[in-house]
2 protein chains.
Amino acid sequence: MRVRVSPPARMSTSPSAHRPTAGAPRVVSDLPTPAVLVDVDALEHNLATMAARLPGALLRPHVKAHKSTALAEMQRRHGHRSFTCATVREMIGMAHAGLGDDLLLANEVLDVERLRSLAALQDRAMVTVAVDSDATIDAAAKAGIRHVLIDVNIGLPRCGCQPRDAGRLADFARSRGIDVRGVMGYEGHLMVSDDRDAQRRETLSAMQVLRTAARDVGGVIVSAGGTGNHDVHAEHLHDTGVTEVQAGSYALMDTYYSTLGLPFRQALTILGTVVSTQEKWAVADVGLKSLGMDHGNPSIAGCKVWFCSDEHITFATEKPESTEGGKASGGSAGSNTVLERAPQPTVGSRVRVIPAHVDPTMAMHEHMWLVRGDDVLDRWPIDLRGW
Amino acid sequence: MRVRVSPPARMSTSPSAHRPTAGAPRVVSDLPTPAVLVDVDALEHNLATMAARLPGALLRPHVKAHKSTALAEMQRRHGHRSFTCATVREMIGMAHAGLGDDLLLANEVLDVERLRSLAALQDRAMVTVAVDSDATIDAAAKAGIRHVLIDVNIGLPRCGCQPRDAGRLADFARSRGIDVRGVMGYEGHLMVSDDRDAQRRETLSAMQVLRTAARDVGGVIVSAGGTGNHDVHAEHLHDTGVTEVQAGSYALMDTYYSTLGLPFRQALTILGTVVSTQEKWAVADVGLKSLGMDHGNPSIAGCKVWFCSDEHITFATEKPESTEGGKASGGSAGSNTVLERAPQPTVGSRVRVIPAHVDPTMAMHEHMWLVRGDDVLDRWPIDLRGW
């Protein structure tokens, strides 16, 4: 199925909007490497699938996962006008790109100068900041921030106040003249689980804690969740009182989330060139400086990744499994079994490396290439990097 | 001991060269976070120590570890005029900064367009490129590259030709009109070892392989080594025939190399602000997007790091050990033993996070702050990022 790709508003909307300019690479094999490739059909599928499950304001897409105003614009065209950000720079970039209808900075910030630069956006953008302590409320008040959410700790050992303290903090914020729009909580420890029933139970239990805090706080927003349990939230919005889900990874995906059986496709790969080969391995120019490594090694289809260095990935083709459909076993091979290893790729050939963690990977690159198969359709800047 | 800090040539050499301009942060507590801090005294110590062991051309500093022409200029002032690079962009940036006396691209490149941009530097810079195959020599010849080294595999499963093929590749390069300056080999698998005697034996064994290949290749350069075994090389240059060592991490250091007992100090930290605390943990704004994570979690002195998220590090203070000098044991505590855990840091306080891997960490940041204690002396761009 071919789907229409929505060009971002800031770009030409002519029929040639997705064709590169003269002299720009037109096919993937012409791209300099390492290069971020985004499969537009997979991206479109992911955005449409999520927008069907959590339409409009029920999803507050997290831009930290792609750091691109062009991709956020595509999310807006799928109906989402409110966004989640992780950094002040993301907030400012989104507002400047005309995507400031409802921006939430979902992290605590003590830096009054930076908060002032956010406050300066408030006449043209809706700016809301997460707070979880007297100090963060003080900083927001000093900077002239008008709206906050109370960030409530619901089990992940990270930010968020004790649930029992949420009401007091809301009162304190209001006493400082700040509008409290509601609560947020991030159950990051429940995003990936082998046992999806347990994940559901624990998510619902965390949401009970958040709902209680929300009653103490007041306001209308109850913001939580992520890609890994977006489906639990979508099914239980009426039980939980959650008003919006903060998902980001669903747009591009990575190998970490791919284990969950979610209905999203792998849209992101890092293109590499094979620069050296030996009998037992091959080396491509995709390394630690182009891949988020905290979730472990990336993957290459049909290959075993040995290790990554600063600028390199060493890998080998795997022995193909039996073509008979049965699992490979220690017994005798069937007639269709191919036990020979596929030949290593040749020097100069291309490989597509699938990152284990999308967010830090995107933050390492200056731009992404939108591709369909071997055709290069466009180049988008990754323009929300840094802090 | 206070040491003189050499300002980079491109900056003012007036006495105020290390004082920030009006309005710029003057103390560490004023810096926006996360921020790369470089302790100038530790840096100066590291550069002086290495320059004493491997003076002048015996060290070819690897700029991939800091990606800064300002820091490379400081290395030049310590007597090193030849540099190692990992990317074409590093090569071009170094040449444009006037640091192009002798630049080695120690990685294979197939991209003829990029190689042409290197070749265009050759009238004002000495450009040498590593090759390890007919295809890489072809690409260099097509681009008009004048000088190469034959990259020889000496045990690390990554780039480099089979040692027995080095002479043939040198002949092939010369047949294409390219000057072959010698060989390089990188024994990356021998950089860190618990058994330094074994590390020495294996390094010398790898150098025998490289020396044999060097005889087949001809030329005058035998380039190898790194920070982790620079001392082995320094002691054995006459036995091994190695003419230069490619070390980079020694300038700034990280926790990975700190286990070796090398004479280098930790010059690099990432400054964070504590943005949230609970009874059992604290959270600072230094996360996966500001730390190379492939060598595991970073460290904070006196604290236990729990985990890192995109923009956060969760950590707790540790129970201080006995002050009696003996190792903590299960027995009764001595009179000076403090068994209580130190209090968690307060919201708004600062922490200095020590990365586990310097190279990818530096590649994530736009600039570094040169500091002495709490004084901010200067800001240097990390201007060699990307490819």
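Residues numbered from 1 in each chain as written. Chains lettered and ligands numbered in written order. Predicted model: local features only at pLDDT ≥ 70, side-chain atom pairs only at ≥ 80, totals over all residues. Heavy atoms only, no water.

Trainee: Please clarify how empty space enclosed by the protein should be interpreted in this entry.
Mentor: Remark: the empty space left among the atoms is shown by a probe the size of a water molecule rolled over them. The tally for this structure, following the rule as stated, stands at one cavity of 30 Å³ or more. In this structure, the largest cavity occupies an estimated 50 Å³ of space. In terms of lining residues, the largest cavity is bounded by 14 residues, among which Met293 and Met364 of chain A together with Leu291, Met293 and Met364 of chain B are the most central. Among the residues making up the lining of the largest cavity, the classes are represented as ten nonpolar, two polar and two charged. (1 Å grid on protein atoms, 1.4 Å probe; cavity = no way out; pocket = protein on both sides within 12 Å on 5 of 7 lines; lining within 4 Å. Points joined across faces, edges and corners; volume = space filled by probe spheres on them. Nonpolar A, V, L, I, M, F, W, Y, C, P; charged D, E, K, R; others polar.)

Trainee: Is there a simple way to think about the pairing of strand S16 (residues 375–381) of chain B in this case?
Mentor: Within a regular beta strand, the side chains point alternately toward one face of the sheet and then the other, so they alternate between its two faces. Residue and element names in this part refer to chain B. Relative to S16, strand S15 (residues 367–372) is paired through six bridges, and the arrangement is antiparallel. Bridge pairing in S16 places Val371 opposite Val376. Adjacent in sequence and paired antiparallel, S15 and S16 are bridged by two residues, among which Gly373 carries a positive phi angle near 60°. (Pairing = 2+ DSSP bridges. Helix = DSSP H or I, 4+ residues; strand = E, 2+ residues; numbered from the N terminus.)

Trainee: Just checking my understanding: could you explain the relation of the copies chain A and chain B for this structure?
Mentor: Copy one and copy two of the chain differ by a rotation about an axis and a translation along that axis. Once chain A is rotated about the relating axis by 180° and shifted along it by 0.0 Å, it coincides with chain B to within an RMSD of 0.0 Å. What we have between these two chains is a two-fold relation. Comparing interface residues between copies, 100% of those in chain A also lie at the interface in chain B; the contact surface is shared. (Least-squares fit on C-alpha atoms with pLDDT ≥ 70 in both. Contact = heavy atoms within 4.5 Å.)

Trainee: Teacher, can you tell me more about the packing of aromatic side chains here?
Mentor: By convention here, two paired aromatic rings are described through the distance between centres and the angle between planes. Residues and elements named next belong to chain A. Within this structure, the stated rule accounts for six aromatic pairs over all chains. Relative to Phe264, the ring of Tyr250 has its centre 5.7 Å away and its plane inclined at 55°; by these criteria the two rings are tilted. Separated by 14 residues along the polypeptide, Tyr250 in the loop between strand S8 (244–245) and helix H9 (255–258) and Phe264 in the loop between H9 and strand S9 (268–277) bring together distant segments of the chain. What makes Tyr250 buried here is its relative accessible area of 0%. Pairing Trp281 with Trp306 gives two aromatic rings, centres 6.0 Å apart and planes at 50°, and the pair type is tilted. With Trp281 in the loop between S9 and strand S10 (282–284) and Trp306 in strand S12 (residues 303–308), this pair connects stretches of sequence that are 25 residues apart. (Phe/Tyr/Trp six-rings, centres within 6.5 Å; stacked < 30°, edge-to-face > 60°. Buried < 20%, exposed > 50% of the residue type's maximum accessible area, 1.4 Å probe, protein only.)

Trainee: Could you clarify how one ought to interpret the pairing of strand S6 (residues 179–184) of chain B in this entry?
Mentor: Residues and elements named next belong to chain B. Among the six residues in S6, five count as buried, and that is most of the element. In this structure, strand S5 (residues 147–151) lies alongside S6, joined through five bridges in parallel fashion. Paired with Leu149 across the bridge in S6 is Gly182. Following the backbone out of S5, through helix H6 (residues 166–175) and into the adjacent parallel S6, one traces a crossover that is right-handed. Sheet topology places S6 next to strand S7 (residues 221–224); three bridges connect them, and they run parallel. When the sheet's bridge partners are listed, Met184 is paired in S7 with Ser223. (Right-handed = clockwise from strand over helix to strand, strands pointing away.)

Trainee: Would you mind going over the packing of helix H7 (residues 196–217) of chain B against helix H8 (residues 230–240) of chain B with me for this structure?
Mentor: Axis angle and axis distance: for two packed helices, these are the angle between their axes and the distance between the axes, and together they describe the pair. Residues and elements named next belong to chain B. In the contact formed by H7 and H8, the axes pass within 11 Å of each other and the chain directions differ by 40°. Classified by the interaxial angle, the pair formed by H7 and H8 is oblique. Crossing angle aside, the handedness with which H7 passes H8 is right-handed. From H7, Arg196, Arg200, Thr203, Leu204, Met207 and Arg211 reach across to H8, where they touch Asp231, Val232, His233, Glu235, His236, His238, Asp239 and Thr240. Looking at the contact of H7 with H8 residue by residue, the classes come out as three nonpolar, five polar and six charged. (Axes fitted to C-alpha atoms, helices over the stretch in contact; angles between N-to-C directions. Parallel < 35°, antiparallel > 145°, perpendicular 65-115°, else oblique. Left-handed = near helix turned anticlockwise from the far one by under 90°.)

Trainee: What exactly am I supposed to notice about the packing of helix H6 (residues 166–175) of chain A against helix H7 (residues 196–217) of chain A here?
Mentor: All names here are of chain A. One can describe the packing of H6 onto H7 by two numbers: an axis separation of 8 Å at closest approach and a directional angle of 35°. For the crossing formed where H6 meets H7, the hand is right-handed. Counting all contacts with H6, which are made through Ala166, Gly167, Ala170 and Arg174, the residues of H7 involved are Ala213, Asp216 and Val217. Looking at side-chain class alone, the contact of H6 with H7 contains four nonpolar, one polar and two charged residues.

Trainee: Explanation requested: the pattern of salt bridges in the structure shown.
Mentor: Side chains that carry opposite charge are capable of pairing whenever their charged atoms lie near each other. Residues and elements named next belong to chain A. Going through the model one piece at a time under the given rule, you end up with 38 salt bridges over all chains. Of the charged contacts in the structure, one is a salt bridge between Glu235 and Arg200, with a shortest N-O distance of 2.9 Å. With a gap of 35 residues between them, Glu235 in helix H8 (residues 230–240) and Arg200 in helix H7 connect regions that are remote in the sequence. Look at Arg200 and you get partly exposed, because its relative accessible area is 27%. Several salt bridges share partner residues, and in doing so they unite Arg60, Asp102, Arg181 and Glu244 into one network. (Salt bridge = Lys/Arg side-chain N within 4 Å of Asp/Glu carboxyl O.)

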